[in-house]
Each structure stands twice: as C-alpha cells, then as structure tokens.
Amino acid sequence: MDLKNNTKEEADNNELSIELSEEIAEGIYSNLAIITHSNSEFVLDFIRIMPGIPKAKVKSRIVLTPEHAKRLLGALQDNVNRFEASNGTINTNDATLPLNFGGPKGEA
C-alpha cells in the first residue's frame, strides 16, 4: 500500500506491528543460497556449508509469491546501493564457490 498519498491519520491507522522473538532475532548464518521457482512461487533455500564437511543442510527456506520475490529483489538492490555508497564497492568473486573452501587442512 502506498502511504504517501494518505493523511497522517490514515497512515497511523495502517501501522503494522511486527514482533521479533529472541530466537528469530539471533538469525541463521548462511553462506549459500539456492533459488528455484515455479509458475506460482519462488523458493529460497539458505544453506551453511563448512570447510571439510562434504554434506550441508538447508537451514532456512522462504517461499514467496512472484510479486513478493520481485519486491525483495528491489529492496535488496536498494540496500546494496546504499551500503556501497557508504562503504565502497562490494567485491564479489564470480567464480563458483568451492565446496571444500580450499584452505589447508588442520592437524592436532
């Protein structure tokens, strides 16, 4: 809903209260995302891969409508643009992420 054209009173009546539990506030670390889609939904699987461990588990799955997926894309792009304006360009390595992380193996 576009609140720009509403009066302050109308905007106050349209407020959304969002609750964030302590468990959810901790977040889930992910260093790999796999995105799939059908004609009616987008599925985002967030995965954590660890060095030396050949198996990884999906830690979180988000299912979105195509409309919300496009809104998320726009919101992410806006946030990346603002981040880079303040902090400089984010460098990405376009090479495929190595599943073994490539580092030396530790010994004890």
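In this text the structure is predicted, and so the values were computed from the model without any measurement.

Rules used in this analysis
Residues numbered from 1 in each chain as written. Predicted model: local features only at pLDDT ≥ 70, side-chain atom pairs only at ≥ 80, totals over all residues. Heavy atoms only, no water. 1 Å grid on protein atoms, 1.4 Å probe; cavity = no way out; pocket = protein on both sides within 12 Å on 5 of 7 lines; lining within 4 Å. Points joined across faces, edges and corners; volume = space filled by probe spheres on them. Helix = DSSP H or I, 4+ residues; strand = E, 2+ residues; numbered from the N terminus. Nonpolar A, V, L, I, M, F, W, Y, C, P; charged D, E, K, R; others polar. Salt bridge = Lys/Arg side-chain N within 4 Å of Asp/Glu carboxyl O. Buried < 20%, exposed > 50% of the residue type's maximum accessible area, 1.4 Å probe, protein only.

S.K.: A description of the layout of surface pockets should follow, citing residues and the corresponding values.
M.R.: In this structure, the largest pocket occupies an estimated 200 Å³ of space. Among the secondary structure elements, those contributing two or more residues to the lining of the largest pocket are β2 (42–48) and α3 (66–87). It is α3 that provides the largest number of residues to the lining of the largest pocket, a total of four residues. Tallied by class, the residues present in the lining of the largest pocket amount to eight nonpolar, no polar and no charged.

S.K.: Summarise the pattern of salt bridges; cite the residues concerned and give the values.
M.R.: In total, this model carries three salt bridges according to the counting rule given. Here Glu67 ties to Arg71 by a salt bridge, and the two come within 2.8 Å at their closest N and O atoms. You can see Glu67 and its partner Arg71 sitting in helix α3, four residues apart, about one turn around the helix. Classification of Glu67 as partly exposed rests on a relative accessible area of 48%. In this structure, the salt-bridge partner of Asp78 is Arg82, at a minimum N-O distance of 3.1 Å. Taken together, the residues span about one helical turn, with Asp78 and Arg82 both in helix α3 at a distance of four residues. By relative accessible area, which is 39% here, Asp78 ends up partly exposed.

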